[in-house]
Structures are given as structure tokens and as C-alpha cells.
Amino acid sequence: MDHVLNRPTSSSASPDRGRLTRVTLPVEGMSCASCVGRVERALAALPGAADVAVNLATGRASLSLPREVSPAQAVETIRDAGYDVPESVTAIGVEGMSCASCTGRVERALASLPGAVSASVNLATGRAELRHAAGLVSIEQIEAAVREAGYEPRALDAAPDRAQEERQEREAAALRRDLVLAALLSTPVVILDMGSHLLPGFHHAVTGLVGIGGFAWLQAVLATLVMAGPGRRFFRIGVPNLLRGHPDMNALVALGAGAAYLFSLVATAAPGLLPEGAAHLYFEASVLIVTLILLGRSLEARARGRAGAAIARLIDLSPKTARLVEAEGERDVPASALRLGDRVRVRPGEGVPADGTVVAGSSFVDEGMITGEPVPVEKGEGARVVAGTLNTTGSFDLVVDRIGADTALARIVRMVEEAQGGKLPIQALVDRVTLWFVPAVIAIAALTFLAWLAFGPAPALGHALVAGIAVLIIACPCAMGLATPVSIMVGTGRAAERGVLFRQGAALQGLRDIAVIALDKTGTLTEGRPRLTDCVTAAGFSRDTVLALAGAVEARSEHPVARAIAEAAREVGAVPAAEAFEAVPGHGVSATVEGRPVALGNRRFMSELGIGTAPLDAEAARLAGEGKSPILVAVDGGLAALLAVADPIKPEARWALDTLRARGLRVAMLTGDARATAEAVARALGIDEVEAEVLPEGKVGALRALRQRYGPVAFVGDGINDAPALAEAEVGIAIGTGTDIAVESADVVLMSGALGGLVEAVALSRATLANIRQNLFWAFAYNAALIPVAAGLLAVFGGPRLSPVLAAGAMALSSVFVVGNALRLRRAGASS
């Protein structure tokens, strides 16, 4: 039931309802009518609030607010009252961004929306994310804010497809088309202008054909075609942003190329308006600026397409068709048409079209494209298979249990996209600088123009114009804007190919900064499945006989150790039936197998049965010291064998931990297992820091102690009990073969479960951050060094001046360098 509370804005007048806006918010934490009353009274106290209604059943509060009162104040009021308004994240695509100034403008526009908490915009992926109070911001408001900032919003598809790649291909094709047209139109202008410098008599020959005026007008016509055609993109975006007071890179190009073009046009059409001796033509500079920057953008678009190729390759893994098995027979259908419960047949050499469970047949499936592991995995009835993996030898039927956005491949693509769209803490510095970069460049260009006009040699106007244009053109906010996101895009894409998923881009930086890696034992350092490791027989008994008898008894038990013995027995032959089974808790089990009494248990159990264990006691002590569980076997009233069961250490664990230590990291183990077992595993792996017999809360405390002693900590785990520790660590790393809860609590997921992925994650994190530092150094150093050169600093001391054409080439190459350097990460990995 709604409680409604009307509150007038004053004692004498009701609120002007035409000026009120209705706001509805979800509220968490309310449990009774008194909670409802508390929230109502708090909201009613807001200035001008009216028609406050709080519904306990739906968990929502609604009220009318004057336009001058921000809905964000209602959110804070609810939180101050002791309740919470949940946050949500809305993602949207943004088209038309070209530099860091663009991303900053979109971020500020989104952050100004009512209820906005934070905004993040990625130049490389063209993706914007707004974190906001749930229910306060609609997608229409977000789209309107993007358009108000001067860019075009587009919807992001919920299911992975090729739309993003197709958009990039269209953009690259449009750039190539404009580049070719600009080059064809610019070439005659350059020949007309430069020919007289290179070929004696060229100028006189041309003017003899078309006249002095025709020579200038021919260049003017060609330059106009360049400005109005290929160059139009810079003016269409740059001029409106300049008029709004938010100049970007397009504005710099529009100002530089436009100034050179307009000055030359005046010199052609009305030279008398210019000072004597200043009527020079700069048409070749204007057209070459456009052509060279289009060249740079075309190369950049091509490289960015390669940078985002990881997602395209992931999407391509899933087959487009599936063989549906029905009562009438088999038929091929689009994979997108599959529904839950459908039965699908996968033949040798085919890709698995959907997530599901094998219900008939068996095969080996290559899961390398998902997990990064090259060895095919055996799949039989009851085994899980995921879309995008490759069936190698046999044939099997599966029943579909996940489709669309719920499939493992779709979730992987979504994680990679989110990581690529994220921002690292290091990006905050870039954002602060680029916020003022373009306005500062325009101011420097203006000062340069005025300084040359006032103090430069005659004709001062020409020198001033060239220097001012060179400053505008050489500045490269593109390189600064791309320095971080392109490296993140390539780094996280490369990680996905290697079976490592960074669920957040910030985890890249966090993992680079850690000092300690703490690992759970069971399922992380070990395989998580006990196996029979040793079988020492007494005189007169064979291994196969003992295993058959022991396996028959243990097949009746559900204990993990019993299952390991029964499984080992089945591997050597048929297991006979056991009768008169009896379990003695804490001691062992006994039964009759083929008329022979068989007992398995500890030494105390054997002692109670009157069976001496002295011949195998030393061996049992040795196995226990190695962290294994010794089990004595008696047959026909006499000692028959000693079995040992252990959870084997993963084959690559020692190499992985040694490699991490060699890279300067401390390694610790946190486990709930018995101390003797934990210390045996630690000795085998060379781990010095061991916390054993700890509960989940104890792992959190142990992580805090490690952080206090050594610094930032990463934790690696796979179980439900690891979720608190994964959340506590600076970087939580989940084994992908573990529970969903562990994976959801982590920042990084190792898809295969192999610890080699941990080494890959650390290596890629360090390589990506090093790449980002290189890119940022280049972007900042480039601008710091070349803007003064463009302004004519060297010319003041008798050195050369930088022409606008060379400035355009340098600017284009700057962005290409940054993207090209990021592409080197495609070869990064554990071996790098």
C-alpha cells in the first residue's frame, strides 16, 4: 500500500505543479511501515517536494520536485535516512569522437545528468558508460546529452555480433575514399605550387597557358573541392564544437586548413585587401593538411581495427548453423534459432554451436580458443560443452541449456568489451591535461600569430599566418586520447586469446602493482580431485588383486578418498560386488568380497581387528609426511597393502610459482586444509608463507596481514569459500573451472584453471602498463617538443621554420605511432 504525503512549499500556497517533475526511485533496506514513514518524512523535507509516496511492497519511492532541486538530492536524502538507492550502469555507443578532448566533453555531458555518479568514455572502442542511481536516468536522456555535446549516440547490442566491426569497416572505407579523392585533387595543386621551385621555366609555361590570374584560380578551384569534399568532415564537426566553446582536434584542423585556404582565397580574389607583399598563396598547405591528416586517420583506423580483432575472432568462433535432431530426423538450422532443450548433433571437425550437456556419444573437444589450453579434452555423457569449441574426432549429441547472451562465449565477449571500455587510474592524469589542451593550443597559436605579426620580418602577415597554422596543426590530442585505451584494447584482447579474462580494465594496473600473490590450495594449486598415488603391497599380494578387493569395498562409500580408490580399481579391471558392508566412523570400512573379508582404514582400526602393521609403518609415515592420506588394507585377516590418496599438485604449479618469484613477487598459500597436508604441498612448491586450517573469514584476515607486511595483494581461488578473499584482495583472480560465485567476485578469470594463466596475466599486465607509459611519454613529449618548434622558436635563433605541411605529417604520424606501438602487445605473453 502506498503512503502519500503532500507537503506545500509554503504555509500560504500550494506548489506550482506545472514546475514540478515527477521522480521515481528504487529504495533498498525497507522492512516495515516505520521504514516507509522514515523515508517519507525525509523526502518530504526537501524544498518544494510534494506528493511523496513510498511503497513497501514494490520498494519504490516517488515524489514531485521543483526543477531547481536535483533528483540527486533525493538520492542523498534516502541514503542519509539509512536506506539505499541501488546504482546501475548504462552503456551506449558514441560516434564522431576523434581525440581526447571529445571523450572529455562527452564525459562531462553525461556526468551532469541528474543522478549520475560517474561517466567513462573510451575513444578506442567508441563506448560510453554512465554509472547512475537506478531509475533516475533514461536512455533517452543519455542520448540527448551525447547529441548536446556534438556527437551521435548509437545503441549497443545486447548479444555479441559483428556490428562494431562492420561500423569500423565502414568508417575505414569512408576514410580511404576521402583520402584517395583528396590525394587526386591535391596533387595538381602541389605540382602547380612546387613545380616552379623544382623545374626552371615551369611557372612561366603555366602562366603562359592560363595567365597569372588563371594560375591562382585553378589552385583555388581544386582547393575548394578538397575543402568541400574530403575536408568537409573536419568543418562539419570542428566548427560547431568551436562555436559551442568546446574545440576539439577537428576544430584545430578546421582552423589551420581553413585559415590557409581563406587567406589564399582573399589573395586570389581581392589581393588589395592585404598588406603590400603579403598576398601569397597557401592553397598547397591547406590541401596537404587535409590529405595528410586523412592519411593518418586512415592508417589509425586500420590499426584500431586490428587492435579490436580479438573480439571479432571470439565472435567468429561460434558456428552459424547447427544440426537439429528431431523425431522426423536431422535438419540444419541457424544457430541463432536454437532454443533451450533442443537436441543438436555435432560431427567430427565441426564447431559446437551452443552451450549444452552431452547426452549421447563421446569425443575429444579442442577448447583452446576459450581456455588457451592446446590439448583437447575428453567429453562423454554428462559433460559440459560450450559454443565456439571444436569437436575433433568423435560425434556426440548435446542438449542446449544456454542460448544468446547467456552462453559462455557471449559472457567472455561481454567481459572483454567491458574491460576494453574501462579506464585505468593512470588515465586520470591524461584527462586532466586534455581538458585544457585544445583551448591552450588555440591560445598558443593566437599568441604565435600576434608575436610574428608584431616582431617578424616583412611580410609579417605571411610569416605570422604560417607559424599560427603550424601550431594548430602539429598539436596532437589524438595521440594522448589513444595512448591508454588502445593499449588496454590490445592487451585485454591478447589476454582473452591466452585464456585470461580481465573483467575490468583497472585490474591491468592493479595486477602490475601487487607485491604478493596468495593462493588457495584445493582446486587452485592442486587438481581438486583426490587420486590414488601409491600402492605398496605386502608379500604374497599383487597390485591388481588388492585394488580390485579394496575398490569393491570403497565403491559402497561416498567419501572422496573412497571414490579415488574405487576409480583407480575400475581403471585396472572389473570391480566385484561387496557384501556385509560396514563403516566405522573415524576408523575405516569393511566388507566381504567374493567370500573374502576385506578391511580398509587407519592403524588404530587394524589394531582393533588384531592385524599387525609393523612391516608398512615406516612407509605410512613417509607418505603422511608428503601430505598424502595413508590407508591400510587387510585381506583374509592379514596385512595386504598400503594405499595412499592425495589431491595431486597441478603439473605446471611449480614452474608457475618459480616464474612469479623470479619476477619479484612473494607467494603465499591460504587454505582450510590440515596443517600437515598444507605444509607438504608448500614444501613441494617452495612456498614459505603458509596459513592453514583457516575459515573464509580467516583468509580475509590473512590477506590483510600480508598487505600490512609486504604491500598490495592478489588472491587466487576457485571455491565459494574463496569469494570473500577474492573481494578483499586488490586483485581477485578466479580459476575459471571453479564456482560461478568465485568468478563473479574476481577481477581476473583464468579460463583453463591452469596456473600458467596466472603467469600470463602478470606478464600481460606489466607489458600493457609499460606500453601505456611509452605511449603517454611519446604523446606528451611530442607535443612539448614540437609545438614550440612550430611556433618558430628555432627560427628566432636562425634555425629552420616548420611548415604547416610538415606539421600535418608529423601530427598524423604521432597517432599512427601510438597505435602501432600498442599493437606490439599482440605478441606479449609469459615468454616476453
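As the structure is a prediction and not an experimental result, all values here were calculated from the model.

Here we take up the environment of Ala-668. Tracing the sequence through the fold places Ala-668 in strand β26 (residues 666-670). In sequence terms Ala-668 and Ala-702 are 34 residues apart; their C-alpha atoms lie 9.9 Å from each other. Leaving out residues up to four positions away in the same chain, Ala-668 has contacts with Ile-517, Ala-518, Leu-519, Ile-687, Glu-689 and Leu-706.

A rise of 1.5 Å per residue sets the reference length of helix α1 (residues 33-44), with its 12 residues, at 16 Å; its end C-alpha atoms lie 16 Å apart and thus fit the reference within 8%. Along α1, the positions that sit buried rather than exposed are Cys-35, Val-36, Gly-37, Val-39, Glu-40, Leu-43 and Ala-44.

For the rest of this paragraph, the subject is the pattern of salt bridges. Side chains that differ in sign of charge can pair as their charged atoms come close. For the structure on display, the rule yields 29 salt bridges. When the shortest N-O distance is used, the salt bridge between Glu-76 and Arg-79 registers 3.7 Å. With Glu-76 and Arg-79 both in helix α2 (residues 71-80), this residue pair falls 3 residues apart, about one helical turn. Assessed through its relative accessible area of 41%, Glu-76 is described here as partly exposed. The class of Arg-79 is partly exposed, set by a relative accessible area of 27%.

Where a protein is soluble and globular, its nonpolar side chains tend to be buried together. Leu-110 and Ile-517 are the most contacted members of the largest nonpolar core, which totals 150 residues. Among the elements that make up this core, the one with the highest residue count is helix α28 (residues 756-791) (14 residues). If we skip the residues at most four places from it in the chain, Leu-110 touches Ala-116, Ala-119, Val-121, Ala-128, Leu-130, Ile-142, Ala-145 and Val-146. Membership of the second largest hydrophobic core comes to 25 residues, among which are Ala-591, Val-598, Ala-641 and Leu-643.

Attention now goes to the packing of helix α14 (residues 460-474) against helix α30 (residues 804-823). Axis angle and axis distance: for two packed helices, these are the angle between their axes and the distance between the axes, and together they describe the pair. As a packed pair, α14 and α30 sit with axes 8 Å apart at the nearest point and diverge in direction by 5°. Taken together, α14 and α30 sit at an angle that is classed as roughly parallel. Across the interface between the two elements, Val-466, Ile-469, Ala-470, Ile-473 and Ile-474 of α14 pack against Pro-804, Ala-807, Ala-808, Ala-810 and Met-811 of α30. Counted by class, the contact of α14 with α30 contains 10 nonpolar, no polar and no charged residues.

A word on the UniProt feature "transmembrane region" (unreviewed entry) in the protein chain. Listed under "transmembrane region" (unreviewed entry) in the UniProt record, and renumbered for this structure, are residues 179-199, 205-228, 249-273, 279-296, 433-455, 461-484, 776-799 and 805-823. Helix makes up 100% of residues 805-823 and strand 0%, whereas the separation of the span's terminal C-alpha atoms amounts to 27 Å.

Inspection of the secondary structure assignment puts Thr-389 in the loop between β15 (384-385) and β16 (390-391). Judged by its relative accessible area of 0%, Thr-389 is buried. At 2.7 Å, the side chain of Thr-389 forms a polar contact with the backbone oxygen of Val-386.

Criteria and cut-off values
Residues numbered from 1 in each chain as written. Predicted model: local features only at pLDDT ≥ 70, side-chain atom pairs only at ≥ 80, totals over all residues. Heavy atoms only, no water. Helix = DSSP H or I, 4+ residues; strand = E, 2+ residues; numbered from the N terminus. Contact = heavy atoms within 4.5 Å. Expected span 1.5 Å × (residues − 1). Buried < 20%, exposed > 50% of the residue type's maximum accessible area, 1.4 Å probe, protein only. Salt bridge = Lys/Arg side-chain N within 4 Å of Asp/Glu carboxyl O. Core = buried A, V, L, I, M, F, W, Y, C linked by side-chain atoms within 4.5 Å. Axes fitted to C-alpha atoms, helices over the stretch in contact; angles between N-to-C directions. Parallel < 35°, antiparallel > 145°, perpendicular 65-115°, else oblique. Nonpolar A, V, L, I, M, F, W, Y, C, P; charged D, E, K, R; others polar. UniProt positions renumbered as here; feature names shortened; annotations may be inferred. Polar contact = N/O pair within 3.5 Å; in protein donor to acceptor, adjacent residues only side chain to side chain.

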